[in-house]
Structure formats: structure tokens, C-alpha cells
Amino acid sequence: MIDREKIIENYIAGYNQFDIDKMMADFDDKIVFENIQNGEVNMTLSGLNEFRNQAEEAKKYFSEREQTITLFSHSENQSEIAIDYRAVLAIDFPNGLQKGQELNLKGKSVFEFLDDKIVRLADIS
């Protein structure tokens, strides 16, 4: 499980540094990413190219962003983390959120592994 934690910590460090290559370093070629809000999947990405394109686009949304891991839990082929999330918006959003506004959220991410590669990642808030 220590290896998984290092892989996840590397992903989070890449996220916090806006470093997409670092984020994707341990992804399987067929990575599936899901974003789940209020129990509903609002985005599904399949494969490295779709993930990279979305990650590049998302970089424009924030001037700062930081995920802090508060808890790890592991099962056979999955690891789950609880996170504290802080971000500062770089643009105005259609829902009324404004540039410069700070977000503070809690969430979790579930990483599914196969042969020390991340094959599925779900961000849940």
C-alpha cells in the first residue's frame, strides 16, 4: 500500500503544481476519469488524450489550487483519499462564482489500480 500512497501523492503534487505530465505519470493508457457531484456523474473521460485535454482546460480556471490528503484507506485494488481542497478562481463562472473568489471544499478521490498503474480515478464531491 505504501507504493500506492507514493503514486497518489505524486498525482496530488502534480495537480497542485499544475504539472499535467506529473499527474499522468502513473496512469494506464486506458485511464477512466469520472467527476461525481451530489451523487451524479457529470463528466467521464476515457484515455490519456481526453484526460490531458481536460486537465489543460481546467488549468485556466484557477490561479491557485491545492488538494491536501487527510486520510488514506485501501482495499484490494482501490485506494481512497479524503481531501481538503482550496482554490482561487482565475475566471468568472456562469453560475455566479467570480474571479479571485476562494473555494474551500472537502471531497474524496478513489483510485483503482492494476499492476501499479491507475486505471480509474473518480473525484467525488
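Cut-offs applied
Residues numbered from 1 in each chain as written. Predicted model: local features only at pLDDT ≥ 70, side-chain atom pairs only at ≥ 80, totals over all residues. Heavy atoms only, no water. Pairing = 2+ DSSP bridges. Helix = DSSP H or I, 4+ residues; strand = E, 2+ residues; numbered from the N terminus. Buried < 20%, exposed > 50% of the residue type's maximum accessible area, 1.4 Å probe, protein only. Core = buried A, V, L, I, M, F, W, Y, C linked by side-chain atoms within 4.5 Å. Contact = heavy atoms within 4.5 Å. Phe/Tyr/Trp six-rings, centres within 6.5 Å; stacked < 30°, edge-to-face > 60°. Lys NZ or Arg CZ within 6 Å of the ring centre and 35° of its normal.

1. Notes on the pairing of strand 4 (residues 78-89)
Here strand 3 (residues 62-74) runs beside strand 4; their pairing, made up of 11 bridges, is antiparallel. Across the sheet, residue Ile-69 finds its bridge partner in strand 4, namely Ile-83. Adjacent in sequence and paired antiparallel, strand 3 and strand 4 are bridged by 3 residues. Relative to strand 5 (residues 102-114), strand 4 runs antiparallel, the two being bridged by 11 bridges. Within strand 5, the residue paired with Asp-84 across the bridge is Lys-106.

2. Quick notes on unusual backbone geometry
At Asn-38, a position not held by glycine, the phi torsion is positive, near 50°. Tracing the sequence through the fold places Asn-38 in the loop between strand 1 (27-37) and strand 2 (40-46). Residue classification places Asn-38 among the exposed positions, given a relative accessible area of 74%. For Asp-115, which is not glycine, the phi torsion reads 50° and is therefore positive.

3. Looking at the nonpolar core
In terms of nonpolar packing, the biggest core is built from 25 residues, with Tyr-11, Phe-27, Phe-51, Phe-111, Ile-118 and Leu-121 touching the most fellow members. Only helix 1 (2-16), helix 2 (20-24), strand 1, helix 3 (48-59), strand 4, strand 5 and strand 6 (117-124) provide two or more residues apiece to this core. Apart from residues lying up to four places away in sequence, Phe-51 is in contact with Tyr-11, Met-23, Met-24, Phe-27, Phe-33 and Leu-45.

4. Section: the environment of Phe-113
Along the chain, Phe-113 turns up in strand 5. Discounting chain neighbours no more than four positions away, the residues touching Phe-113 are Arg-4, Ile-7, Ile-8, Asn-77, Ser-79, Ile-118 and Val-119.

5. Let's talk about the packing of aromatic side chains
Within the structure shown, the criterion is met by 8 aromatic pairs. On the numbers, 4.8 Å between centres and 85° between planes, the contact of Phe-27 with Phe-51 is edge-to-face. A residue pair is termed long-range when its members are at least 10 positions apart, and Phe-27 in strand 1 and Phe-51 in helix 3 qualify at 24 residues. For the pair Phe-27 and Phe-51, a shared accessibility class is recorded, and that class is buried. Through a chain of ring-to-ring contacts, the aromatic side chains of Tyr-11, Phe-27, Phe-33, Phe-51 and Phe-111 assemble into a single cluster. Of note, Arg-65 hangs over the ring of Phe-18, and the distance from its end group to the ring centre comes to 4.4 Å.

So yeah, pure geometry; function would need other evidence.
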